[in-house]
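Chain by chain, the residues:
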Amino acid sequence: MPRDPLRTKLCDMLGIEYPIIAFTHCKDVAVAVINAGAFAVLGEAMHTPDEIAADIRWIRERIDGKPYGIDLVLPASSPLEGGLEDLESKIPASHRDFAAGIAKRHDVPEPKGPVALHRWGGLNQQMARAQLDVVLDERVPVFTSGLGNPAFILEAAHARGIKVFGLIGKKRQAEREIEAGVDAIIAQGYDAAGHTGTIGTFSIVPEVAAIAGNTPVIAGGGVTTGRHLAAALCLGASGVWTGTLWLASRESDEDMIIKEKLLAASAEDTTHSRSVSGMTMRTLKCPWTEEWAKPDAPRPLSAPYQMLLSARYTQAANDHRREDLMYEAAGQGVGFVTSMKPARQIVFDMVEEALGAFEERVGDDA
Ligand SMILES: Cc1cc2nc3c(=O)[nH]c(=O)nc-3n(C[C@H](O)[C@H](O)[C@H](O)COP(=O)(O)O)c2cc1C
């Protein structure tokens with residue numbers, strides 16, 4: 001091949017070897033991926049400003065000056081302020097009753113401790129802003145906004161040398177963010193784990209690539225193999241954004257029950273539902289998502305209210321390690337996650353498979 005097909009403008013922009021971005025909540029995964037030559041973004045939406053600052057220091061000490069990213073959520077729909085109790089008082093009795101019915105039918109115990117949601121930046125805009133201030137103060141190399149348009153932070157970020165990536169699921173969101181001046185745009189499809197829209201990865205990526213000009217496009221949603229990486233580059237992306245891929249890695253701090261569920265799961269074991277957070281979100285199916293999908297279930301509330309409702313179920317399931325109740329966000333590519341490998345091995349295997357896919361199609365002498 002004339003040149004290394006994996007050497008993209010995203011690699012040049014970030015100074016990385018491989019155009020693979022890991023989204024993870026686990027610091028050990030992030031460090032392993034970065035030290036293997038790829039890039040990692042640590043999800044910090046569930047952390048206090050002090051915890052975010054401590055995590056940033058922890059990572060920096062282990063990556064020898066290499067770049068890293070921090071992800072927060074900035075949902076426009078969250079209230080301006082208000083604590084958990086204020087928000088909880090607004091949940092209608094019909095929805096509380098339905099949640100109580102699920103608890104009864106599935107013998108869901110009480111959580112062992114207070115529900116950890118009070119730290120979630122999506123609860124109100126004041127909390128999201130305090131988290132964001134840490135990212136600015138710490139001058140992290142890359143800030144990504146997994147939810148919400150980051151345009152309002154661009155000037156302050158760029159003034160501190162921070163690159164900002166926006167994540168979108170629709171072409172018009174991409175147009176707005178590219179126009180505002182984001183440094184890269186993550187085009188994420190329906191296949192993805194977590195909050196995601198309804199357009200498939202194979203459609204949204206080339207659609208956004210066609211209008212992105214020089215702004216690198218990063219493909220997200222269902223990317224779990226080297227073939228996906230090769231395909232994403234052919235669709236016009238300069239890299240891939242991956243989440244599910246790392247959940248069952250050796251370094252991942254997911255519960256072993258979840259890791260085993262993920263290793264056994266296929267695309268059909270996932271569901272796209274508003275029942276967890278109020279926004280469309282892909283997770284493994286579980287009694288909570290299945291109950292809300294029934295025809296007689298109430299319509300899920302908007303964010304963050306539905307999240308308050310689901311949080312007790314989720315925490316109880318995890319606190320008591322109830323295999324029948326536990327679930328995790330997972331994308332449709334989960335079927336290709338079949339063994340528990342070290343994160344650096346996942347990077348190398350993906351690179352090797354992608355190069356193999358290019359060679360197979362183009363031939364060595366092309
Ligand atoms: C367990 C898990 C938790 C996630 N939490 C967040 C989050 O807190 N913030 C966010 O922006 N994205 C979150 N995501 C979504 C990822 O950033 C990413 O968009 C998605 O995983 C890509 O799709 P894939 O899993 O098919 O690779 C999460 C994904 C997973 C698997």
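A. How the structure looks around the overall build of the chain. A count of helices and strands for the chain gives 14 helices and eleven strands. Computed over C-alpha atoms, the radius of gyration of the chain comes to 20 Å, within 12% of the 21 Å expected from 2.2 N^0.38 for 366 residues, which places it in the range of a compact globule. Considering only C-alpha atoms, the chain reaches an extent of 65 × 45 × 40 Å along its principal axes. Out of the 366 residues belonging to the chain, those deemed buried represent 54%. Looking at the chain alone, contacts between residues at least 24 apart form 67% of all its contacts between residues at least 6 apart.

B. Spatial organisation of the sheet that holds strand β2 (residues 39–43). Pairing is parallel in the closed barrel, where eight strands are placed in the order β1-β2-β3-β4-β5-β6-β8-β9. Looking at each pair of strands side by side, their axes are set apart by 25° on average, direction ignored. Relative to strand β6 (residues 184–188), strand β5 (residues 163–168) runs parallel, the two being bridged by four bridges. Each residue of the ladder has a partner; that of Ile168, found in β6, is Ala187. Where helix α6 (residues 125–137) meets the sheet, it contacts β3 (69–73) and β4 (142–147), and its direction lies at approximately 170° from that of β3.

C. Local environment of the pairing of strand β11 (residues 281–284). Bridge count between strand β7 (residues 194–195) and β11: two bridges; the pairing is antiparallel. The partner of His195 across the bridge, within β11, is Met281.

D. Local environment of the packing of aromatic side chains. All told, the structure shown has five aromatic pairs when counted by the stated rule. Taking 4.8 Å as the distance between ring centres and 75° as the angle between the ring planes, the aromatic pair formed by Phe98 and Trp292 counts as edge-to-face. Pair noted here: Phe98 is in helix α5 (residues 93–105) and Trp292 is in helix α12 (residues 287–292), with a separation of 194 residues, a long-range link. Judged by its relative accessible area of 13%, Phe98 is buried. A relative accessible area of 7% means that Trp292 is categorised as buried. With a centroid separation of 5.4 Å and 40° between ring planes, the pair formed by Trp288 and Tyr313 is classed as tilted.

E. Structural view of the packing of helix α2 (residues 27–35) against helix α14 (residues 343–362). Between α2 and α14, the shortest axis-to-axis distance is 8 Å and the interhelical angle comes to 40°. Put simply, α2 runs oblique to α14. Seen along the crossing, α2 lies across α14 with a hand that is right-handed. Counting all contacts with α2, which are made through Val29, Ala32 and Val33, the residues of α14 involved are Ala343, Arg344 and Val347. Across the contact of α2 with α14, the residue classes tally to five nonpolar, no polar and one charged.

F. Quick peek at the site of the ligand. Surrounding the ligand, one finds 19 residues, the nearest of these being Gln188, Gly222, Trp241, Gly243 and Thr244. Gln188 is positioned such that a nitrogen or oxygen atom in its side chain is 2.6 Å from an oxygen atom of the ligand. Gly243 places a main-chain nitrogen or oxygen 2.9 Å from an oxygen atom of the ligand. Starting from 600 Å² of accessible surface for the ligand in isolation, the protein chains cover 90%.

G. Highlighting the side chain of Thr244. Within the secondary structure, Thr244 is located in the loop between β9 (239–242) and α11 (256–264). Ignoring any residue separated from it by four or fewer positions in sequence, one finds Thr244 in contact with Ala193, Ala330, Gly331, Val334 and Val337.

H. Inspection of α11 at higher detail. Listed as buried for α11 are Ile257, Ile258, Lys259 and Leu262. N-cap assignment for α11: the residue whose side-chain oxygen lies 2.8 Å from the backbone N of Ile257 is Asp255.

I. A look at the environment of Met279. Structurally, Met279 can be placed in the loop between β10 (270–273) and β11. For the pair formed by Met279 and Ser302, sequence separation is 23 residues and the distance between their alpha carbons is 6.9 Å. Setting aside residues no more than four positions away along its own chain, Met279 makes contact with Leu147, His195, Ser273, Arg274 and Ala303.

J. Summary view of the sheet that holds β10. Spatially, β7-β11-β10 is the arrangement adopted by the three strands of the open sheet, whose pairing is antiparallel. Edge positions in the sheet fall to β7 and β10, since each has one partner strand and no second. Summarising the sheet, β10 and β11 pair through four bridges and their orientation is antiparallel. Among the inter-strand pairings, Thr270 is bridged to a residue of β11, identified as Leu284.

K. Highlighting the packing of α2 against helix α3 (residues 49–60). Two elements in contact, α2 and α3, have axes whose closest approach is 10 Å; the angle formed by their N-to-C orientations is 35°. Two packed elements cross with a definite hand, and for α2 against α3 that hand is right-handed. In this structure, α2 uses Lys27, Asp28, Ala30 and Val31 to contact α3, whose residues at the interface are Asp55, Trp58 and Ile59. For the contact of α2 with α3, the per-class residue count stands at four nonpolar, no polar and three charged.

Quick notes on the rules
- Residues numbered from 1 in each chain as written.
- Predicted model: local features only at pLDDT ≥ 70, side-chain atom pairs only at ≥ 80, totals over all residues.
- Heavy atoms only, no water.
- Helix = DSSP H or I, 4+ residues; strand = E, 2+ residues; numbered from the N terminus.
- Rg over C-alpha atoms; globule rule 2.2 N^0.38 Å.
- Buried < 20%, exposed > 50% of the residue type's maximum accessible area, 1.4 Å probe, protein only.
- Contact = heavy atoms within 4.5 Å.
- Pairing = 2+ DSSP bridges.
- Axes fitted to C-alpha atoms, helices over the stretch in contact; angles between N-to-C directions.
- Phe/Tyr/Trp six-rings, centres within 6.5 Å; stacked < 30°, edge-to-face > 60°.
- Parallel < 35°, antiparallel > 145°, perpendicular 65-115°, else oblique.
- Left-handed = near helix turned anticlockwise from the far one by under 90°.
- Nonpolar A, V, L, I, M, F, W, Y, C, P; charged D, E, K, R; others polar.
- Near = heavy atom within 4 Å.
- Polar contact = N/O pair within 3.5 Å; in protein donor to acceptor, adjacent residues only side chain to side chain.
- Areas by Shrake-Rupley, 256 points an atom, 1.4 Å probe, with all protein chains shown as cover.

The values reported here are purely geometric and, on their own, carry no functional implication.
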